[in-house]
Every structure is written in structure tokens, then in C-alpha cells.
Amino acid sequence: MAICIIISALLEGTGVGFIVMGENQVVLVSSEYLEKTKKYTLSGFITDAQTGEALIGTNVSIPDFKAGCTSNVYGFYSLTIPAGIYKINYAYIGYEPKELGLSLDQNIRQNIELQPTSFLGDTVVVNAPPEEHTLRTTEIGTFTLIPKEQSHIPVFLGERDIFRSIQLLPGVTQIREADCGFYVRGGSSDQNLILLDEAPVYNAVHLLGSFSVFNSDVIREAKLIKGSAPAKYGGKLSSVLDIQMREGSSKQFGGKAGIGTVFSRLTLEGPLIKDRASFLVSGRRTYADIFTKFSSDESVRNSQMYFYDFNVKANYRHTEKDRIYLSGYFGRDFLNIEEEEDAIAILWENKTGTLRWNHLFNEKLFSNSSLIFSRFRYGVSNAHDYETVDLNSLVNDLTLKVDFEYFSNPNSVIYFGAQFINHQYEPSRWLINGSEYFDIRIGERRAKEWGGYISQEHRVNSKLKLDYGFRGWMFFVSGRPDLFEIERMDNIPHEFYGLARHGEEQKMHSGFEPRFSANYLINSTTSIKAGYARNYQNVHMLSNATSGTPLNVWHPSSSTIKPQRADQISLGLYQSPAGTPLEMSYEIFYKDMRNQLEYKNGADVLLGSLFESEMTTGRGWAYGIELFVKKRAGHLTGWIGYTWSRSQRKFAEINEGNIFPAGNDKIHDLAIVSIYQMGSRLTLSANWVYQSGAPVTIQYGKYVVDNKIVDAYTARNAYRMPAYHRLDIGFTYRIGKRSELNFTLYNAYGRKNAYAIIFEENENNPQVLQPVRLSLFSFIPSLSYQYTF
């Protein structure tokens, strides 16, 4: 074996290969001849040597044959090549590369364990060559985030949050101060497909948008796709955020505990059966409500405000060909305020569950079958004297899907699959109990969705790689008439439908979504990429607010609301200068959006979200340039991201049919992130963010009509908020091998960024309105402590 590896090394790049004849004879042959000989498949799973968890996107390459592949989301890889003796290289960012020599004279199952690299603190100093991933894939407008690599970025109130890291990337922006919701390439917040272990998450934020629902301690990887998404993804227009939970260590028991300004958290993991089954359990909770019990104000003592997240995951390797995963997420926010005879309570929660079965039919065909549950609901209860008013809203999804990956040869992988989703929507149910009882149900609907896709990843030659395919779907929605039920004091129920705004309906929608992306490798350090994607969206969030409020309702496409549609074209140049740890990308995009939803002028925004008649549809478009430079290794790491973009809308019933900027139209967006490792214990970090002001519609005066005062507003989004900028700094100090202390100063120079502009009457002349700029805070210090065991 050793001599064969030496011969392989000597012949590398010559176009000459060899075949072993018998035990001691080596015959030199041309590479063309080798390609015509019998082929065998090398396959297996790639895992972390310390935890046993799958490594996603590991590069597997054979330099002699100039072939390679990457491991899928479950760590599986497969290569079919001619018989021979090869050097196989395995490389993954943050892990020691491994080289393996083997004689391929039959199908071989080769599982690989990679060791994490040495670290200076948590900063990776050894990385896989970037060109093996960024330069050679067809992924365009895509970022992969690993929480460990983002752990030192200064964040709001010291709580590590994957959404905060996403906001620092080009093409992504936020609207308001302290809001962790995100908007991608001119789209709205509900146009992001957010998945947790394949389960859609409808409301992904806590506390009116200050924190995401995702605990960084349980995230293995998060992939953000802004450009042309693979055909297996569908249902939203702007982006895909695919979050994979960690599996838990199958090698040894361990855990992590932390306490901070806002949260306390605890994570436990370990083997159920060593090297075959593992578990992961994690929870975090706020504790502000604990301290309110000590307040001298009775109303404060009687109030409650908290939220929590709970994640659980287990997996079991039944055979070498079968593995089962079970994961779940449960999160809740609760706010209760009591004053004398009045009380108001608000509750909103997410629940998801995913059961998956991986099956390996043979060395080339891999499948994953999933049963997925997702639920979002909120409720508002207001009690006054002996009367109560309750408002409830609910979305339920139950999904059955199957995905296949067929590794036909080193130059081709075929992906195909199908899914069925049963949707349940209850946008609004009012229960009023007092002298009379009211049960009002508005907009209830059911929908059944069928979808399927097929795509191929095809390497045409050593320079050109294509990914093409399509997705098709059908969406059948049915709804019953709105129900108004009144039970008077005589206990005789009365049902009527005369006030209903939704009638009984049945409607079928369908669509075809082509997807295409290409990568052309100019040289070893530079490539260009292009992509096109069409997307449809059948689930719409009707809201009069930004992403922070949970009190939004979700409506399906119907007889009056058409599916939203977007066509996006993108083009990018990618570079990794030789001999440097730098990655650079330059992308341009254009997105055309149809059947966009907005409120009509003068709509009743309090109840308008319950009735489709208050909405109008129109067209939107967005275009821009995104620049990104990242330094991946060394004592100083970080990135610079800049976006110039426009996002505009045109509606016949808004702004007199004239074009107006969308609410997320921030022309300039700049983020600078730096992390400096000072020795093995101390890490310094800083972010600086600059954004153009968001467009707003403002009140400029009042006028009298029929003896009534009516507010006067400018044209839609005709003015802009002041520019937004801030500096965040952070310090992390490692205490031994298991503990660390983190200090963060958010908005370090105390910039009072405008949260809102309101208008108040002039004290001397009530007929004159004067603007007042509202700011939430100047700077916020925070401290957190973490212990690993």
C-alpha cells in the first residue's frame, strides 16, 4: 500500500495512472484508459471524532482523479470512480484534514472521524482551503454560520443570537433599533423560510422582536440562502434559513450552563448507547419576573413577563443503513399586567416536532423521510370587572415528505423528492363573556398542499459546474363562512352569518418553479457564478407592524388573495487570493415581485388584518450590489459587508398609483466585524454598523371635515428616518479550560438612534404639530458567565 501511495504522488498531474497486476506488478496506463475501466463506489459517513456528530459539507477529494464531493446534511458522502489505488483527502473547516490511501477494487464503506483543530481560545487558526468550498460550489448568495465561530461577536444584552449575526451580512437588514427580525434583498420578514430541523417556524422572535427563539447552544449550523435556492426548498420568496440542531455527543456525557443579563440556560448531552444513540436537552429562561416580586409597587408585583425555550433531540443508529432522529422545540412568551379591576394577559408560543428516518438503499442512493409538526398560536385576554374579552389565533402544519439523493458518478448528483402538507388556519376567534356571550370566528380555512421537485448537480468539466431543476406544487384551500354566535341571558344560542366577511369557498392554485445556478472557475483563486430562481408563496402574514409583534395573523392564498411570486437573477464574482486567509465576493441581483400585499389607504389597521377586503395587491422590485470581504484565520479575524440596494413598490390603490419605497428600503448598509485573540485567554471584539434611514409615512397636520378633526398624512413612505449607526464592543476572558466571562457594551458611544418619529401638538398653538424623536436607549452594558462540563 505504501509504495502505491508513493507512485500515485510521483504521477500526480502527469495524466498517467497505474493498475496493480497481481501482487508485485504495476502497469502504467493513461488516465483515459482508467476512466473506461470498471468502477466502484467509495461511501460512508463523516463525523466529529470527539462527539460523533455528523459534519455537514466536508470536502472529499481525489487529486489523482480530479474528482470530489461534499458530505450531505447527515454527513453521508459517495464517490463512484474506476478501480485503482488512490489518495483520498477529507477536509472540513476547523478540523484537521485527513489523508487516506486505499485500493478500490470493490465497493467500500469508509466512515471517517475528523479531529477538531487546535484553537487559540475559540478562534480557528487552521482551516480547509476556501476554494474547495466557496470557489467550486454553485451556491450563490449563500452563507453558512456556525455558532462557535460567531461566539465572540458583541450582541444585544450579551445574549448570543444567530439572527444578530445574520443582520451583519450583506443583503440583510433590520428596520428598528434592537429588533432581531431580518429582511433579505428587499423582501418582507414573512418572506423568509425559517426551518428548524426541517420544521417551519412562523414566529421566530421573542419579546416583541428583541431576541430570536433559537438557542445558540443547540445549533450545529445555520445556512442562509439569499440567491437561487435548491429545488427542494419552496414556499417563501426572499430567503431560506435552514437551521440544523446538534445531535448530542455519542461519546461522553457533558453539558454547558450559563447566566447572563437576560437569560439563564442549561444544556445536557450524552450517549444513550455509546456510539449508537445520543440525546441533547437544552433550556433557557428569562428571570425578570422573579425580581418584580420584590417591588414596592403592587401593580408591578402582580405583573409577569417571561419567555423560555426548550429543545430536545435524540437519534439512534439502528443499522449501518438506517438511522432515526427525533427532535422538538417548545417556546412561550407570557405577559400579564394587573391594575385594580383591570387585567390584560398576552401569550404566544411555538411548537415544532420532527421525526426523520435516514435509509441507505445502496452505496449510491440515500433517502430521508420526515414527519413534521409545526404550530404557532397567540392569545390576548382582557378582563374588566366581570367581563372578559379573549382573542386567539392559530396556525397548524402537518407535513409528510421524502427526499432522495442519487450519487450517479463523481460528476453528477440527482436530487428528487415529494411532500404533502396539511394546513390549518384560524386567524381570529373572539370570545366575549359578560352580560352576553359572543363567540366570533373569522377567516377559518384549511389547505392541502402537494409538491415535488427534481434537480441535478452536474460538473461539465474541470471549470464548469451546473445545478438545474424545478419544483412544482398545488395548493387547495377551503373555508367555511365566518361564524357569529351570541348567547343572551336567556341561554338561547343564536347563530347568524349576516356580518360575515368570509364566505364558504374552495380554490385551487398551482405553480412551476424553475431553478438554475452555475459556477465557472476562471483559475485556482477566482470563479464567477450566476443564478435564477422563481418562487411562490401561499402563506401570508397580514400585519400593520414590523417583525417584532406576535399579534399578526397568517392567511393562505384564497379566492381573493393570489399567491405571491418572485423571480430573481443574481451574478457574482468570488475570489480567494493565493497565500492569504481572505475570501471576497461581489454580487449583483435583481428581484421582480408580483401580487405583493399592502393595506389600502385609510384601512382600519386594528381589524384590517382580519379581513382580506382591507388589503390590496401590487408589484414590487428590488436590486442591489453586495460586497463581502472575510478574513478567516489568524489572531485577527472578521469581515466587512456592504450593500447598496433599492426596494420599491407600486399599487394602483396606494399613493395614487405612483411608485414608493418599501418600508425596508435602506439604500446603504455597512457592517464591520472584528475579533482579535490576545493570547489564549482574552478575546476582544467590535462591530460597527451604519444604515440609511428607513422610509416612513408621517402625519404633517390636521383638517376639519363635517366638524370632525381628521389627521393628514404624507404620501406613502415619502420621508426617511435619520441614519442609523452604532458601535458595539465585547471582551471575553477564559477562566481555565471550562469557564469564560463575557462583557458587552452595546451602542458604546451612546448614539440615540431614532426608534420612531411622533408628532405632538404645539403647547402655544394646538393647530401646529411638531415632530418628536423617540429613542429607546443610549448604551447598554451586559455581563454573562458560561461553564462547560
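Our structure's up above, just so we're on the same page.
To keep things clear, this report deals only with the structure shown in the data block.

What counts, and where the lines are drawn
Residues numbered from 1 in each chain as written. Predicted model: local features only at pLDDT ≥ 70, side-chain atom pairs only at ≥ 80, totals over all residues. Heavy atoms only, no water. Helix = DSSP H or I, 4+ residues; strand = E, 2+ residues; numbered from the N terminus. Contact = heavy atoms within 4.5 Å. Areas by Shrake-Rupley, 256 points an atom, 1.4 Å probe, with all protein chains shown as cover. Patch = residues over 30% accessible without salt bridge, like charges linked within 9 Å, V, L, I, M, F, W, Y side chains within 5 Å. Salt bridge = Lys/Arg side-chain N within 4 Å of Asp/Glu carboxyl O. Lys, Arg positive; Asp, Glu negative; His and termini not counted. Charge placed at Lys NZ, Arg CZ, Asp CG, Glu CD. Buried < 20%, exposed > 50% of the residue type's maximum accessible area, 1.4 Å probe, protein only. Pairing = 2+ DSSP bridges. Axes fitted to C-alpha atoms, helices over the stretch in contact; angles between N-to-C directions. Core = buried A, V, L, I, M, F, W, Y, C linked by side-chain atoms within 4.5 Å. Phe/Tyr/Trp six-rings, centres within 6.5 Å; stacked < 30°, edge-to-face > 60°. Polar contact = N/O pair within 3.5 Å; in protein donor to acceptor, adjacent residues only side chain to side chain.

## Quick look at the overall build of the protein chain
Here is step 1 of the chain: Along the backbone of the protein chain there are six helices and 55 strands.
Here is step 2 of the chain: Considering only contacts within the protein chain whose residues lie at least 6 apart along the sequence, 64% involve residues at least 24 apart.
Here is step 3 of the chain: Summed over all atoms, the accessible surface of the protein chain reaches about 34300 Å², with 58% contributed by carbon and sulfur.

## Re a negative patch on the surface
Here is step 1 of the chain: A cluster of like negative charges, contributed by Glu 339, Glu 341, Asp 342, Asp 385 and Glu 387, occupies part of the molecular surface.
Here is step 2 of the chain: With respect to the secondary-structure elements, Asp 342 resides in strand β27 (residues 342-360).
Here is step 3 of the chain: Taking the relative accessible area as the measure of exposure, Asp 342 reaches 35% and is therefore partly exposed.

## Brief notes about the pairing of strand β46 (residues 682-691)
Here is step 1 of the chain: Summarising the sheet, strand β45 (residues 668-678) and β46 pair through ten bridges and their orientation is antiparallel. Paired with Ile 675 across the two strands is Ser 685, which belongs to β46.
Here is step 2 of the chain: Here β45 folds back onto β46 in antiparallel fashion, the turn holding three residues, of which Gly 679 has a positive phi close to 75°.

## Overview of a nonpolar patch on the surface
Here is step 1 of the chain: Together, Ile 259, Leu 266, Leu 268, Phe 731, Tyr 733, Ile 735, Leu 741, Phe 743, Leu 783, Tyr 785, Tyr 787 and Phe 789 make up a nonpolar patch on the protein surface, roughly 1000 Å² of accessible area in all.
Here is step 2 of the chain: Elements with a minimum of two residues in the nonpolar patch: β23 (263-273), β51 (724-735), β52 (739-746) and β55 (780-788).
Here is step 3 of the chain: Residue placement: Ile 735 occurs in strand β51.

## A few points about the pattern of salt bridges
Once the charged atoms of two side chains with opposite charge are near each other, the side chains can pair.
Here is step 1 of the chain: One pass over the structure, following the stated rule, counts 37 salt bridges.
Here is step 2 of the chain: Where Arg 317 meets Glu 320, a salt bridge forms, and the shortest distance between an N and an O atom there is 3.1 Å.
Here is step 3 of the chain: Note that Arg 377 and Glu 349 form a salt bridge whose closest N and O atoms lie 2.7 Å from each other. Of the two residues, Arg 377 is situated in strand β28 (residues 365-384) and Glu 349 in strand β27; the sequence distance between them amounts to 28 residues.
Here is step 4 of the chain: What you see here is one network of salt bridges that share partners, running through Asp 197, Glu 198, Lys 313, Arg 356, Lys 401 and Asp 403.

## A few points about the pairing of strand β33 (residues 464-479)
Here is step 1 of the chain: Here strand β32 (residues 445-459) runs beside β33; their pairing, made up of 15 bridges, is antiparallel. The partner of Ala 447 across the bridge, within β33, is Val 477.
Here is step 2 of the chain: Hairpin connection from β32 to β33: four residues lie between these consecutive antiparallel strands.
Here is step 3 of the chain: Where β33 and strand β36 (residues 505-523) come together, 16 bridges link them in antiparallel fashion. Bridged to Trp 473 within β36 is Gly 511.

## Quick look at the sheet that holds strand β16 (residues 192-196)
Pairing between the strands of a sheet is mediated by backbone hydrogen bonds and can be parallel or antiparallel.
Here is step 1 of the chain: With mixed pairing, five strands are arranged side by side in an open sheet as β13-β20-β21-β16-β17. On the outer flanks of this sheet lie β13 (142-145) and β17 (199-200), each paired with one strand and no other.

## Some details on the sheet that holds strand β8 (residues 98-104)
Here is step 1 of the chain: With antiparallel pairing, four strands are arranged side by side in an open sheet as β5-β4-β7-β8. What marks the edges here is a single partner per strand, and that holds for β5 (67-70) and β8. Within the sheet, the average angular offset between the axes of one strand and its neighbour, ignoring direction, is 20°.
Here is step 2 of the chain: As defined by bridge partners, strand β4 (residues 59-62) adjoins strand β7 (residues 84-91) across three bridges and the pair is classed as antiparallel. Paired with Val 60 across the two strands is Tyr 90, which belongs to β7.

## Quick look at the environment of Ile 659
Here is step 1 of the chain: Inspection of the secondary structure assignment puts Ile 659 in the loop between β43 (636-650) and β44 (660-661).
Here is step 2 of the chain: Exposure remark for Ile 659: the relative accessible area of 45% places this residue in the partly exposed category.
Here is step 3 of the chain: In this view, Ile 659 contacts Trp 621, Gln 648, Arg 649 and Lys 650; residues no more than four positions away in its chain are not counted.

## Some thoughts on the nonpolar core
Here is step 1 of the chain: Judged by nonpolar contacts, the single largest core of 42 residues is most densely connected at Phe 163, Ile 166, Leu 169, Phe 182, Ile 194, Phe 214 and Leu 241.
Here is step 2 of the chain: Of all the secondary-structure elements, those providing two or more residues to this core are β13, α4 (162-166), β16, β20 (219-225), β21 (239-245) and β45.
Here is step 3 of the chain: If sequence neighbours within four positions are ignored, Phe 214 has contacts with Ile 162, Phe 163, Ile 194, Leu 196, Val 201, Ala 204, Ile 219, Ile 243 and Arg 284.

## Brief notes about the packing of aromatic side chains
Here is step 1 of the chain: One pass over the full model with this rule turns up 32 aromatic pairs.
Here is step 2 of the chain: An angle of 40° between the planes, with centres 5.7 Å apart, marks the rings of Tyr 306 and Phe 334 as tilted. Pair noted here: Tyr 306 is in strand β25 (residues 304-317) and Phe 334 is in strand β26 (residues 322-339), with a separation of 28 residues, a long-range link. By the burial criterion, Tyr 306 is buried, and Phe 334 matches it.

## Focus on the side chain of Gln 596
Here is step 1 of the chain: Take Gln 596: it is sitting in strand β41 (residues 582-599).
Here is step 2 of the chain: Of the residues examined, Gln 596 reaches a relative accessible area of 4% and is grouped as buried.

## As for the environment of Thr 47
Here is step 1 of the chain: By the secondary structure assignment, Thr 47 is in strand β3 (residues 39-48).
Here is step 2 of the chain: Residue classification places Thr 47 among the buried positions, given a relative accessible area of 15%.
Here is step 3 of the chain: Sequence separation of Thr 47 and Tyr 74 is 27 residues, and the distance between their C-alpha atoms is 9.2 Å.
Here is step 4 of the chain: Contacts of Thr 47, omitting those with residues within four sequence positions, involve Gly 52, Glu 53, Ala 54, Leu 55, Ile 112, Glu 113 and Leu 114.

## Overview of the environment of His 540
Here is step 1 of the chain: Secondary-structure assignment places His 540 in strand β38 (residues 539-542).
Here is step 2 of the chain: The residues contacting His 540, other than those within four sequence positions of it, are Asp 190, Val 553, Trp 554, His 555, Pro 556, Ser 557, Ile 561, Lys 562, Pro 563, Gln 564 and Leu 597.
Here is step 3 of the chain: For His 540, the side chain forms a polar contact with the side chain of Ser 557, separated by 3.0 Å.
Here is step 4 of the chain: Looking at His 540, its side chain comes within polar contact range of the side chain of Gln 564, at 2.8 Å.

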